[in-house]
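Results of the structural survey
One-letter residues, chain by chain:
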Amino acid sequence: MKAKSVFIGIAAAAIVLLLLSITAVSRVLSASPGNLLRDATVQPIAATFLPKRSPLVASFLVNPDKLGLSAKLAAPPGDRAALRREIDDLKRLVKQEWALDYDADVKPWLGNEVTFAVTTTDLDRQPENGLQPGYLLALEIDKPGVAKKSVEAFWQKQAIAGIDLAFEQYQGVPFIYATPTSKRPGLTAGILGKFVLLTNDPKAMRNAINDIQVPDLALASFNNYKKSVGQLSEARVGVAFVNLAELGKWGAGSGSIPSNLANLPEAAITLGLGLDRLGVKAETLLTLDSLANLPAIAASTSSATDNKATQSIPVGSSVIVGRDLQQTWQQINAAVQPYPELTALLDRTIALVSSHLGFSLEQDISAWVRGEYAISLQPQADRANDWVFAVQKTNPEIAKTAIAQLDDSARSKSKLTVGELEVDGRELTVWTRLSAAIGKADKKVSSPAAITGTVAAVRSQTPDLVLVANSVDAMEAALTANPKSSDYKSNAKAIAATLPRNYQTYAYLNEKLDLAALLADVPGLKQMSDRITKSKLPIVDRIKAITIASASSNTKDSPNVRRGQIFLVLE
């Protein structure tokens, strides 16, 4: 049995039951999302029978039919037929993979919680014969009698269809499993407490039974899980938990991520999935022991709409906005230092960017940027992304000294030619890498015309900002940017509304940015970029923009927790 076929079957069921209406969630948001949100004190019950080392757990805390009904009511009459077809297509996918009829087999008895988990990276714990992940789908029971009859009727239909079935009782809990075929992955089903459990292998079912009877084995007793989920503060419709160390092993073994990133830190990422009128909001927590002694970066004291560095953002840009780059840099370095693989990846990335710039990103830039800054990326059809780095002048003398050091570094360290260029009455400083065309025969320069140059970077300044760009065109776009006409600026109020009140840094990525191409430029991440390119998730087509923000800690947070937020702006 191939792990890939099992994953397709499990994932198909999870798509329908966990995300039944996510492809139309923007239609829900214009209704009353508050009626769907669960209080932050509501915790997933399924954590009591999931293993501590589960790499990935996603719990939906609202009955999918309630969300589906809200979507239909919120959708304009002309869109309701299309919405119904989307949901029906997902249901057909599950029936095709598992012969599981959602309307007949699940809907009559389903409660509020639906949890999907990767319970282990390898069921037989023998990686030499290939990873065999364990998958589990837990469906809360609202009507026990109906659930029992539905499960029995499901297995009767499988038996009539000629599927070989086996019966087992483990520690007093009976369950049934089907022998896998070339057309369908294996399936195990049983009732455990208030849940119907579906797993891809009997071993995963036995593990769940062990965990609920020995609480110390369960995810609910895992310190990182308890800390993280317990500190989510916002109302939500679901919770997701990622064990980075286990996920790294699984991803590397399955070829999903580069092998040099397999040894990820003992850390957890926790997301509280919420709904907003503008899109889907995920409150995020990073729990990592090495963060305990890091200094916190002060939250921004100005609105996202008032940041002066964003005045230079050209039309069509994605952007990273923050303040005090020096302190941010120190935090990043301190966080990855205990992990050689992440440190090596960061060092290679910095070296790559610095080689393109002509100066040291770490020494010549981050050391003096203490105010607000913005890095904008503009996709280009015929070349790599253009970029502009804008820094607020918090101290004119420091800025003057820093500019002089940039020019000196370009000359002495990178052997670039520093010269002045006037474009439309504006004086630009251009760092150029000169090269000579050498004749094949005599190895000599054939003529002065054979000397050519490529622009490494361009700098300029305004009364408020220092600007660095990768091309003259990018610099011109920044200097002539009209804040009122920029699509970023036109969405600024909407973007600001999605940010946490105590945000420190945020990234706004619009649909024009080729994220896969951006990742492909980073050493070691081309494999990951290829995966993004090939993936065809339905919700991706509806994403208009993504905002990712870091935030300052709450007073009650543990010292090893860092807060953030991911916001998907949907069409």
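This text goes with the structure placed above it.
Because the structure is predicted, anything quoted here is derived from the model rather than measured.

Conventions and cut-offs
Residues numbered from 1 in each chain as written. Predicted model: local features only at pLDDT ≥ 70, side-chain atom pairs only at ≥ 80, totals over all residues. Heavy atoms only, no water. Salt bridge = Lys/Arg side-chain N within 4 Å of Asp/Glu carboxyl O. Helix = DSSP H or I, 4+ residues; strand = E, 2+ residues; numbered from the N terminus. Buried < 20%, exposed > 50% of the residue type's maximum accessible area, 1.4 Å probe, protein only. Contact = heavy atoms within 4.5 Å. Pairing = 2+ DSSP bridges. Core = buried A, V, L, I, M, F, W, Y, C linked by side-chain atoms within 4.5 Å. Expected span 1.5 Å × (residues − 1). Arc of directions from axis to C-beta. Patch = residues over 30% accessible without salt bridge, like charges linked within 9 Å, V, L, I, M, F, W, Y side chains within 5 Å. Areas by Shrake-Rupley, 256 points an atom, 1.4 Å probe, with all protein chains shown as cover. Lys, Arg positive; Asp, Glu negative; His and termini not counted. Charge placed at Lys NZ, Arg CZ, Asp CG, Glu CD.

**Observations concerning the pattern of salt bridges**
Counted according to the given criterion, the structure contains 9 salt bridges. Between K281 and E234 there is a salt bridge, and its shortest N-O distance comes to 3.6 Å. Linking K281 in strand β10 (residues 279-288) with E234 in the loop between α8 (223-230) and β8 (238-243), this pair joins segments that are 47 residues apart in sequence. Under the relative-accessibility criterion, E234 is labelled partly exposed at 31%. For R459, the salt bridge goes to D407, with nearest N and O atoms at 2.7 Å. One end of the pair, R459, is in strand β16 (residues 451-461); the other, D407, is in helix α13 (residues 396-412), with 52 residues separating them in the sequence.

**Structural notes on helix α14 (residues 472-479)**
Each α-helix turn comprises 3.6 residues. Residues three or four places apart therefore point the same way. Along α14, the residues that are buried comprise A474, M475, E476, A478 and L479. Of the surrounding secondary structure, the elements contacted by the buried residues of α14 are β12 (372-378), β13 (386-392), β14 (417-423), β15 (426-436), β16 and β17 (465-469).

**Quick look at the pairing of β14**
Pairing of β14 with β15, which is carried by 7 bridges, proceeds in the antiparallel orientation. Of the residues in β15, the one forming a bridge with T417 is T432. Counted along the chain from β14 to the antiparallel partner β15, the turn is 2 residues long, and its residue D424 has a positive phi close to 50°.

**So, the nonpolar core**
In terms of nonpolar packing, the biggest core is built from 28 residues, with V106, W109, L110, L139, W155, V196 and L198 touching the most fellow members. Elements with a minimum of two residues in this core: α5 (102-106), β2 (110-120), β3 (134-141), α6 (144-160), β5 (173-178), β6 (187-192) and β7 (195-199).

**Section: α6**
Across its 17 residues, α6 extends 25 Å between first and last C-alpha, which sits within 8% of the 24 Å expected from 1.5 Å per residue. All of the buried residues in α6 are A147, S150, V151, F154, W155 and Q158. Considered in projection along α6, the buried side chains sweep an arc of 130° and stay on one side of the axis. Looking at α6, the residues exposed on the side facing more than 90 degrees away from the buried face are K149, Q156 and I160. Positive phi appears at G162, one or two residues downstream of α6, with a value of about 90°.

**Regarding a negative patch on the surface**
A cluster of acidic side chains, namely E420, E422, D424 and E427, defines a negative patch on the protein surface. Among the secondary structure elements, E422 is positioned in strand β14.

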